[in-house]
Amino acid sequence: MLFPTRCPECAREVRAEFADSAVHDLTCPHCGAEFCVLVRKHKFEVLFDLGTRALMDGYAREAVATFAAALERFFEFYVRAAVLERMADSETDFEGALAALDGTWKHVSAQSERQLGMFALAYLLREGRAPDFLTPQALGSEFRNRVVHRGALPRREEVEAYAARVFALIDRLLTELGEGAAHAALAQEAEFAAHLARLPGHVTAVFEEHPGMFRARRFGGDVPGKAAPDKAAPDSPRNDAQAFARALAERGPGLDHLLREHFLKEPFRKGGGDRS
Ligand SMILES: [Zn+2]
């Protein structure tokens with residue numbers, strides 16, 4: 001999966017492949033300059049955007065698997081944010097908190113069911129109520145399994161409904177997290193800083209912020225034109241069924257620019273990539 005970036009030396013376009021770490025050490029194929037692109041985006045955001053792109057291009061089945069992965073990574077993001085937020089008030093420093101978190105997560109990292117359990121507890125501790133939205137129906141689990149594990153070919157409207165459900169859930173939980181999300185963002189910044197410290201002096205670092213479906217809420221700030229969470233029913237926040245359609249209309253064009261031609265080329269290429 002490629003994205004376009006620009007060489008800081010000669011300003012020509014360079015294609016980079018999305019890295020799991022969001023850190024991309026690159027050499028410009030035009031002028032040979034070495035640089036490092038750090039993308040301020042979380043894994044769940046990247047995955048949801050790729051799913052949206054796949055859906056827009058008609059790859060319905062691929063979109064389902066990608067949205068499902070986005071939701072799993074979002075649960076991890078929530079746990080990280082909630083734990084780091086809580087530990088920020090303790091005696092432990094940030095690095096110690098991160099190490100404790102990573103040491104804990106490794107017990108659940110290989111199994112999504114365990115991760116769901118950890119998310120449920122994190123939600124209870126932070127919000128003081130049960131995560132009653134974690135039902136198989138609300139998560140679309142049956143649909144996802146039918147498509148991802150049993151090879152069912154979903155209709156586009158089924159995929160759109162699934163995407164809207166996943167989006168609404170993430171959107172609502174991000175709203176509830178509010179400023180708490182910044183703690184997970186801080187963890188990413190710490191990883192970036194550690195990488196930057198290891199770079200030789202001649203390598204230029206470039207930070208990028210990409211458009212995306214969840215961009216507006218990246219650091220837990222207010223979303224323009226959107227009212228504060230419903231004060232009338234503080235104990236039962238609702239998932240906003242129209243949120244996905246609105247976000248798609250507002251932010252789809254930005255994604256289009258970022259991912260269109262790259263996504264269209266990607267599935268047909270054979271192994272290896274085009275780097276030499
Ligand atoms: Zn260059």
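Numbering of residues starts from 1 in each chain and follows the order in which that chain's sequence is written. Predicted model: local features are reported for residues with pLDDT of at least 70 only, side-chain atom pairs are reported and counted for 80 or more only, and whole-chain, interface and lining totals are derived from all residues. With hydrogens and water set aside, each side-chain value is computed from the structure's full complement of heavy atoms.

Caption draft 1: A look at the coordination of the zinc ion. Taken together, the protein ligands of the zinc ion are Cys 7 (SG), Cys 10 (SG), Cys 28 (SG) and Cys 31 (SG), with distances of 2.3 Å. Coordination at the zinc ion is tetrahedral, judged from the four donor atoms that bind it and the angles of 107 to 114 degrees they form at the metal. Considered as a linear motif, the donors of the zinc ion on their single chain read C-x2-C-x17-C-x2-C. Here Cys 28 lies in the loop between β3 (23-27) and β4 (34-39) and Cys 10 lies in the loop between β1 (2-6) and β2 (13-17), a separation of 18 residues in the sequence. Exposure classes here rest on a 1.4 Å probe applied to the protein chains alone. A residue is buried below 20% of its type maximum, exposed above 50%, and partly exposed in between. What makes Cys 10 partly exposed here is its relative accessible area of 24%. Ligating atoms shown are N, O and S within 2.8 Å of the metal, or 3.2 Å for Na, K and Ca, and water is not included, meaning a site may look less than complete. All geometry calls rest on donor angles, where a four-donor set with angles between 85 and 135 degrees is tetrahedral, four- and six-donor sets with opposite donors more than 155 degrees apart and all others between 65 and 115 are square planar and octahedral, and all else is irregular. Runs of E in the DSSP output that reach at least two residues are strands. Runs of H or I that reach at least four are helices, and both are numbered from the N terminus.

Caption draft 2: Local environment of the sheet that holds strand β5 (residues 204-208). Two strands pair if DSSP finds at least two bridges between them. Ordered by their spatial adjacency, three strands build an open sheet running β3-β4-β5, and the pairing between neighbours is mixed. In this open sheet, the two edge strands, each paired with only one partner strand, are β3 and β5. The average undirected angle you get between the axes of adjacent strands in this sheet is 25 degrees. Here β3 pairs with β4 via five bridges, running antiparallel. The residue of β4 that forms the bridge with His 24 is Val 37. All axes here are fitted lines through C-alpha atoms, helices being fitted over the stretch that makes contact, and every angle between N-to-C directions spans 0 to 180 degrees.

Caption draft 3: The arrangement of the pattern of salt bridges in detail. Think of a salt bridge as a Lys or Arg side-chain nitrogen and an Asp or Glu carboxyl oxygen that are within 4 Å of each other. Under the defined criterion, the tally for this structure stands at 17 salt bridges. The partner of Arg 40 in a salt bridge is Glu 209, with the nearest N and O atoms 3.8 Å apart. Of the two residues, Arg 40 is situated in the loop between β4 and α1 (43-56) and Glu 209 in the loop between β5 and α9 (243-265); the sequence distance between them amounts to 169 residues. Given a relative accessible area of 46%, Glu 209 falls into the partly exposed group. In this structure, Arg 80 and Asp 102 form a salt bridge, with 3.3 Å as the shortest nitrogen-oxygen distance. Note that Arg 80 is positioned in helix α2 (residues 60-87) and Asp 102 in helix α3 (residues 94-105), a separation of 22 residues in sequence. Residue class for Asp 102 comes out partly exposed when judged on its relative accessible area of 39%. Through salt bridges with shared partners, one network takes in Glu 85, Arg 126, Glu 127, Arg 129, Arg 172 and Glu 176.

Caption draft 4: Up close: the environment of Leu 173. Note that Leu 173 resides in helix α7 (residues 156-177). The class of Leu 173 is buried, set by a relative accessible area of 0%. Between the C-alpha atoms of Leu 173 and Phe 75, which are 98 residues apart in sequence, the distance is 9.5 Å. Whether two residues are in contact is decided by their heavy atoms, any of which lying within 4.5 Å being enough. With residues up to four places along the chain from it excluded, the contact list for Leu 173 reads Phe 74, Phe 75, Tyr 78, Phe 119, Tyr 123 and Phe 133.

In short, the description is geometric, and any link to function would need to be established separately.
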